Protein chains: 2
Amino acid sequence: MGITERKEREKAEMRRRIVDAAIDMFVAEGYEKVSIRNIADKIEYSPATIYLYYKDKDELLYDVQAEAFGKLAAYFKAKITAADPLERVEQLALAYFDFSQEYQELYDLMFIIKAPMNSVEEDEEWKNGLEAFSYLRDIMTECVEKKLVRFEDPMTATLSVWAFVHGFISLNLRCRIKIAQLDVLALPAFVRSCVQHYVNTIKA
Amino acid sequence: MGITERKEREKAEMRRRIVDAAIDMFVAEGYEKVSIRNIADKIEYSPATIYLYYKDKDELLYDVQAEAFGKLAAYFKAKITAADPLERVEQLALAYFDFSQEYQELYDLMFIIKAPMNSVEEDEEWKNGLEAFSYLRDIMTECVEKKLVRFEDPMTATLSVWAFVHGFISLNLRCRIKIAQLDVLALPAFVRSCVQHYVNTIKA
DNA sequence: AAATATACTGAACAGTGTTTATTTTATCCA
DNA sequence: TGGATAAAATAAACACTGTTCAGTATATTT
């Protein structure tokens with residue numbers, strides 16, 4: 001029965017086309033431009049067709065988010081090169097920050113906006129972020145076990161580093177850091193220095 | 001000419017009615033329910049009337065945000081009671097966290113969603129957050145000057161504390177912390193403990 | 001070739017922010 | 001006080017959004 005297989009493949013290809021169009025629009029034109037109608041236009045299908053492949057917009061955005069997390073994992077893989085765990089923490093933190101600057105709209109979808117998380121059931125687990133999260137968790141766990149950091153609990157360590165960097169990034173992306181009246185051009189460098197200072201602070 | 005004064009007063013009163021209705025809806029029913037039409041319904045005016053008092057939704061949300069920041073400042077005033085600067089840091093951080101839990105939808109408007117910041121011009125300053133920010137900045141500046149913390153620069157200290165706590169809050173509000181598979185009921189206590197751990201970490 | 005199953009779409013529904021022409025209400029002046 | 005003027009409020013429309021559904025076109029099966 002090669003026919004059902006081909007149909008499955010075609011279904012998957014269509015989903016690919018939809019997700020690719022969506023992520024392109026995210027990166028190129030920003031979140032606002034990503035409407036079902038705009039995606040449909042781009043792939044030259046009617047809006048209703050998209051609903052044959054995705055039950056709603058959230059479910060589609062969830063797949064786009066998965067794609068974005070793939071990019072982040074690749075980013076980590078490329079930029080975390082050190083052997084020393086503490087150095088790896090710093091490399092990860094800075095790579096995470098750099099990613100947020102290079103792909104602001106994707107960062108939004110991955111970590112800030114509500115949308116795609118609605119399609120994750122209350123009890124169900126959220127798999128998209130797992131690979132990237134594991135990177136951080138494994139490094140921090142190693143740091144804790146080798147007593148390289150001032151944390152006793154690996155989970156506290158992991159979430160603290162994540163929260164610290166994400167905090168800066170999201171306050172900045174949402175223009176709340178404006179209140180500090182810093183020079184906008186100097187901001188990225190300032191945030192990087194804060195991150196580095198933090199990593200130094202947690203060293204044992 | 002008492003008439004123009006009365007008109008001004010009436011204009012202000014109308015803006016009050018609109019903002020009050022909006023903030024009530026935010027707190028009671030959440031961000032999604034706050035549409036111009038819904039607000040108009042609540043104050044028993046037509047939607048178009050709102051545009052006689054606010055140029056667009058962003059400008060209205062900006063005033064709602066100002067109201068919300070008033071609540072936060074009151075929260076700080078009530079909960080930051082210690083004399084010792086380091087104790088004050090901890091009280092502020094925990095008060096900030098408690099506020100975010102008690103007024104989740106307001107926190108959204110104040111620190112997470114894009115919306116009301118569009119009505120702040122690029123070069124113009126954002127006044128809404130100033131009082132609350134000053135609370136934190138003054139405390140951190142004192143800590144730095146008295147060498148109570150491992151920061152040399154007051155601004156780095158201020159933004160680091162803010163980013164750390166905001167990071168946890170926003171990852172949690174947006175369900176991204178799900179990835180850590182912690183017990184949901186135990187989460188608030190866990191976050192509090194992370195915040196306390198951080199405050200201890202930055203002590204000189 | 002006819003019957004069935006699959007894929008797709010046009011049009012509609014209910015909602016959004018916003019604008020404009022029109023009507024209602026209030027103020028001013030003769 | 002009555003008519004002109006100014007201010008305030010609105011109904012209706014526009015252009016958009018996510019989503020659904022009846023109907024059409026295309027494949028597949030018999």
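Rules behind the numbers
- Residues numbered from 1 in each chain as written.
- Chains lettered and ligands numbered in written order.
- Predicted model: local features only at pLDDT ≥ 70, side-chain atom pairs only at ≥ 80, totals over all residues.
- Heavy atoms only, no water.
- Helix = DSSP H or I, 4+ residues; strand = E, 2+ residues; numbered from the N terminus.
- Contact = heavy atoms within 4.5 Å.
- Areas by Shrake-Rupley, 256 points an atom, 1.4 Å probe, with all protein chains shown as cover.
- Lys, Arg positive; Asp, Glu negative; His and termini not counted.
- Charge placed at Lys NZ, Arg CZ, Asp CG, Glu CD.
- Least-squares fit on C-alpha atoms with pLDDT ≥ 70 in both.
- UniProt positions renumbered as here; feature names shortened; annotations may be inferred.
- Near = heavy atom within 4 Å.
- Polar contact = N/O pair within 3.5 Å; in protein donor to acceptor, adjacent residues only side chain to side chain.
- Buried area = accessible area lost by both parts, 1.4 Å probe.
- Salt bridge = Lys/Arg side-chain N within 4 Å of Asp/Glu carboxyl O.
- Buried < 20%, exposed > 50% of the residue type's maximum accessible area, 1.4 Å probe, protein only.
- Axes fitted to C-alpha atoms, helices over the stretch in contact; angles between N-to-C directions.
- Parallel < 35°, antiparallel > 145°, perpendicular 65-115°, else oblique.
- Nonpolar A, V, L, I, M, F, W, Y, C, P; charged D, E, K, R; others polar.
- Phe/Tyr/Trp six-rings, centres within 6.5 Å; stacked < 30°, edge-to-face > 60°.
- Lys NZ or Arg CZ within 6 Å of the ring centre and 35° of its normal.

The name an unreviewed UniProt entry gives chain A is AcrR family transcriptional regulator, with Chitinophaga dinghuensis as the organism.

K.L.:
Please clarify how the overall build of chain A should be interpreted in this entry.
P.N.:
Helix and strand counts for chain A stand at nine helices and zero strands. Start at the N end of chain A and walk to the C end: the helices and strands fall as α-α-α-α-α-α-α-α-α. The principal-axis extents of the C-alpha atoms in chain A amount to approximately 60 × 45 × 30 Å. For chain A, restricting intrachain contacts to residue pairs at least 6 apart in sequence, the fraction spanning at least 24 positions comes to 69%. When the accessible surface of chain A is totalled, it reaches about 9,900 Å², and 50% of it is carbon and sulfur. Positive and negative charge centroids in chain A, built from 27 and 34 side chains respectively, lie 2 Å apart.

K.L.:
I'm lost on the relation of the copies chain A and chain B in this one. Help?
P.N.:
Taken together, a rotation about one axis and a shift along it account for how the two chain copies relate. With an RMSD of 0.0 Å, the operation that places chain A on chain B is a rotation of 180 degrees combined with a shift of 0.0 Å along the axis. The relationship between the two copies is best expressed as a two-fold rotation axis. A shared interface surface links the copies, since 100% of the contact residues of chain A are contact residues in chain B too.

K.L.:
How should the UniProt feature "DNA-binding region" (unreviewed entry) in chain A be read in this particular structure?
P.N.:
According to UniProt, the positions carrying the feature "DNA-binding region" (unreviewed entry) are residues 35–54 of chain A. With 75% helix and 0% strand, residues 35–54 of chain A has end C-alpha atoms that lie 14 Å from one another.

K.L.:
I would appreciate a short explanation of the protein's contact with DNA strand C in the present structure.
P.N.:
Neighbouring DNA strand C are 20 residues, the closest being A:T49, A:Y53, B:R6, B:R37 and B:Y51. When atoms of DNA strand C within 4 Å of the protein are sorted by moiety, sugar and phosphate together comprise 60%. The contact in question runs from a phosphate oxygen of DNA strand C to an N or O atom on the side chain of A:T49, over 2.5 Å. B:K57 places a main-chain nitrogen or oxygen 2.8 Å from a phosphate oxygen of DNA strand C.

K.L.:
What should I look at first to understand the interface of chain A and chain B in this one?
P.N.:
One frequent convention defines the size of an interface as the accessible area lost when the parts assemble. Each partner contributes to the interface: chain A provides 51 residues, whereas chain B provides 51 residues. Across the chain A/chain B interface, buried area totals approximately 4,100 Å², and carbon plus sulfur atoms make up 66% of it. Taken as a group, A:R176, A:K178 and A:I179 account for 19% of the area that chain A buries against chain B, more than any other trio of residues on that side. Between B:D108 and A:K114 there is a salt bridge, with its nearest N and O atoms 3.6 Å apart. In this assembly, chain A and chain B are joined by 22 residue pairs in polar contact (both at pLDDT 80 or more). Secondary-structure elements contributing two or more residues to the side of chain A that touches chain B are α6 (104–112), α7 (130–145), α8 (154–173) and α9 (187–202) of chain A.

K.L.:
Is there a simple way to explain unusual backbone geometry in this structure?
P.N.:
Trans is the prevailing form of peptide bonds, just as negative phi is the prevailing case for residues other than glycine. Residue and element names in this part refer to chain B. Although it is not a glycine, C175 sits at a positive phi angle of roughly 65 degrees. Checked against the element boundaries, C175 lands in the loop between α8 (154–173) and α9 (187–201). When its relative accessible area of 38% is taken as the criterion, C175 is described as partly exposed. Notably, Q181 is not glycine yet its phi reads approximately 50 degrees, a positive angle. Within the fold, Q181 resides in the loop between α8 and α9. Owing to a relative accessible area of 57%, Q181 belongs among the exposed residues under this scheme.

K.L.:
For this particular structure, what's the right way to read the packing of α8(A) against α8(B)?
P.N.:
The axes of two packed helices give the description: the angle between them and the distance between them. The contact between α8(A) and α8(B) brings their axes to 6 Å, and the two run at 100 degrees. It follows from the interaxial angle that α8(A) and α8(B) lie roughly perpendicular. Touching A:L159, A:S160, A:W162, A:A163, A:F164, A:H166, A:G167, A:F168, A:S170 and A:L171 of α8(A) are B:L159, B:S160, B:W162, B:A163, B:F164, B:H166, B:G167, B:F168, B:S170 and B:L171, all from α8(B). Class assignment of the residues belonging to the contact of α8(A) with α8(B) gives a composition of 12 nonpolar, eight polar and no charged.

K.L.:
So what exactly am I meant to see when it comes to the packing of aromatic side chains here?
P.N.:
Two numbers describe a pair of aromatic rings. These are the distance of the centres and the angle of the planes. Scanning the entire structure with this criterion turns up 28 aromatic pairs over all chains. Taking the centre distance of 5.1 Å and the plane angle of 45 degrees together, the rings of A:F99 and A:Y103 count as tilted. In this structure A:F99 comes out as buried when scored by relative accessible area, which is 0%. The exposure class assigned to A:Y103 is buried, which follows from its relative accessible area of 19%. Each member of the aromatic cluster is reached from another via a ring pair, and the members are A:F69, A:Y96, A:Y107, A:F111, A:W126, A:F133 and A:W162. Of note, A:K11 hangs over the ring of A:Y53, and the distance from its end group to the ring centre comes to 5.5 Å. Looking at B:R176, its charged tip hangs above the ring of A:W126, at a distance of 5.9 Å from the centre.

K.L.:
So what exactly am I meant to see when it comes to the protein's contact with DNA strand D here?
P.N.:
Neighbouring residues of DNA strand D: 20 residues in total, closest A:R6, A:R37, A:Y51, B:T49 and B:Y53. The protein-proximal atoms of DNA strand D, defined as those within 4 Å of the protein, are 58% sugar or phosphate. B:S46 places a polar main-chain atom, nitrogen or oxygen, 2.9 Å from a phosphate oxygen of DNA strand D. Contacts to DNA strand D include B:Y53, whose side-chain N or O atom sits 2.6 Å from a phosphate oxygen. Among the secondary structure elements, those contributing two or more residues to the surface near DNA strand D are α1 (2–29), α2 (36–43) and α3 (47–53) of chain A together with α3 (47–53) of chain B. By residue number, the principal contributor to the surface near DNA strand D is α3(B), which donates four residues. Per-class residue counts for the surface near DNA strand D are nine nonpolar, four polar and seven charged.

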